[in-house]
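# Observations on the model geometry
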Amino acid sequence: MNLQSNDLLKKFKNIKVTYVRDRRIRVDISHEAVANFLGMIKGQGSYIHLSAISCVDWIKDNEFELVYHCWSYEENQLISLHTRINRKEAEMISVYDIYKPAEFFERDIFEMYGITFIGSPKMEKFILTEWDGMPPMLKDFDAEAYVMDTFNWTDYQPDWLKDIEKEGGGIAIKPEDIRFHATSPSPTDD
Amino acid sequence: MKNIEIKTTQQRTNPLANVFDRFMQFCQSRSLFMLHYCTGCGAIELPPAMTSRFDMERLGIQPMVTPRQADILLITGYVSVKTLKRVILTYEQMQSPKYVIGICSCTVNGGMYWQSYATAKKLNDYLPVDLYIAGCMPRPEAVIEGLQLLQNKIANNDGHSWKDYFQNYDYYLGNQQHLFGEDWQTPTDIITEAKHYGLEAEGTYGKHTELLAKHQHPLQPLPLKTNN
Ligand code: SF4
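What comes next is a walk through the structure.

Rules used in this analysis
- Residue positions within a chain follow its written sequence, with the count starting from 1.
- Chain letters start at A and ligand numbers start at 1, both assigned in the order the entries are written.
- A pLDDT threshold of at least 70 governs which residues receive local features in this predicted model, and a stricter bar of 80 or more applies before side-chain atom pairs are shown or counted, although totals over entire chains, interfaces and linings include all residues.
- Excluding hydrogens and water, the side-chain values take into account all heavy atoms of the structure.
- We count a salt bridge whenever a side-chain nitrogen from Lys or Arg sits within 4 Å of a carboxyl oxygen from Asp or Glu.
- Think of it this way: any DSSP run of H or I at least four residues long counts as a helix, any run of E at least two long counts as a strand, and we number them from the N terminus.
- When accessible area is computed with a 1.4 Å probe and restricted to protein chains, residues below 20% of their type maximum are described as buried, those above 50% as exposed, and intermediate ones as partly exposed.
- Paired strands, in this sense, are two strands between which DSSP finds at least two bridges.
- Axis lines are fitted to C-alpha atoms, over the contacting stretch for helices. Their N-to-C directions set the angle, which ranges from 0 to 180 degrees.
- It only takes one pair of heavy atoms within 4.5 Å for two residues to be counted as in contact.

## Brief notes about the pattern of salt bridges
A complete count under the given rule lists 13 salt bridges over all chains for this structure. Between A:Arg87 and A:Asp140 there is a salt bridge, and its shortest N-O distance comes to 3.3 Å. Linking A:Arg87 in the loop between strand 5 (77-86) and strand 6 (91-93) with A:Asp140 in the loop between strand 7 (116-118) and helix 3 (143-150), this pair joins segments that are 53 residues apart in sequence. By relative accessible area, which is 16% here, A:Arg87 ends up buried. Given the relative accessible area of 42%, A:Asp140 is considered partly exposed. Close ionic contact of B:Arg139 with B:Glu141 constitutes a salt bridge, the shortest N to O distance being 3.3 Å. Judged by its relative accessible area of 41%, B:Glu141 falls in the partly exposed class. Ionic contacts of the salt-bridge type, sharing partners, join the residues A:Arg26, A:Asp28, A:Asp61, A:Glu63, A:Glu65 and A:Arg84 into one network.

Given below as structure tokens:
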């Protein structure tokens, strides 16, 4: 299917098609039209393989970007369909009806970014079954702060290291490269 | 390398028994079964270390597939918080004496995942680790040298870290509860085991074991039934 000469594209308003490379096409579209567009390229084109859905958190624009990667084995071409949704509402229509593998991609994004896909068969925890904090891939989740107050660190300069240093061994690290200091006493001693 | 001091405190008075004990320790150190819990990428260096290229078996170390029949728990690489639970269950199922070796920088301090919410840092907060082999990832030579160090420790009657888990259970349990939540419970009743081995100490009990006792339910045998 040649997107350039295709009349079908005229059905879509606000569509922007960029030919990135020989076998790579980027399409930007509004989020309401995503399901329609995917239905078209699968049904009338030969883009039968949805290989991934990725997500980007554009926190300053207050938007999420979703990217649907569709591959055609006949054209040997990849269409990446970009769309943006509101970050506050964080809702999107599921494309499970069109591409069955979307179930897993959507579930993954649901747990990592907290976006709800309406109509997806199983909107629940996938891999992080034992995590009950906020979705960890969000830009406003401060992983470093979380790590610092959850875990202890091994000391860089423990006493037993002196014995090893006497024999010519040891750790070569400059003081300014030391990222953290062992938190003693342990966090459980509070 | 660290010099290993020989502990003489536990020597028996009968010299013949002493010789016998040393002999037993030597034999034990030359027959180690290793459960390699391949949590991370460091596991890649184990096949060459175990098989014909570097051949660990000539030192008397063999891989084992179940925790109940293994002496060494080898943690090869980063441990995610979810995996750590399974590692602790596995460790508690092993018979004493048991040894834990942390391979890779990730088990020491989180390694390159130091900033990750999902990776546990500092394995010896949760289990008594005998030995760390640092490196990203350590070469088979380093792994084998580490294992030899452990062998020397055992032969010299110095490999008693496993007792620490019983004697300081409250500390380990406290760290586990801090990470997994207060309702954390494993199927193994460590306190009863500590009593059984005669390894109760002051550190066995504390506020964390009290917390555990409040919600701990004893392990029930699985109901016997057939699927028909
Ligand atoms: S220390 Fe390096 S090789 Fe080992 S588990 Fe971590 S990242 Fe992988």
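Having seen it, we continue.
## Thoughts on the sheet that holds strand 1 (residues 32-37) of chain B
Residue and element names in this part refer to chain B. One open sheet holds the five strands; their spatial order is 2-1-3-5-7, and the pairing between them is parallel. Here the strands that pair on one side only, and so sit at the sheet edges, are strand 2 (61-63) and strand 7 (131-133). Within the sheet, the average angular offset between the axes of one strand and its neighbour, ignoring direction, is 30 degrees. Relative to strand 7, strand 5 (residues 99-103) runs parallel, the two being bridged by three bridges. Bridge pairing in strand 7 places Gly102 opposite Tyr132. Contacts from helix 3 (residues 81-93) reach strand 1, strand 3 (72-76) and strand 5, with the element oriented near 160 degrees to strand 1.

## Observations concerning unusual backbone geometry
For residues other than glycine, phi is negative in most cases, and the peptide bonds are mostly trans. Residues and elements named next belong to chain B. That bond from Ser96 to Pro97 is cis: its omega, -10 degrees, falls within 30 degrees of zero. Following the sequence through the fold, Pro97 ends up in the loop between helix 3 and strand 5. Cys136 connects to Met137 through a cis peptide bond whose omega is -10 degrees. You will see that Cys104, though not glycine, has its phi angle at about 90 degrees, which is positive. Along the chain, Cys104 falls in the loop between strand 5 and helix 4 (105-109). Classification of Cys104 as buried rests on a relative accessible area of 6%.

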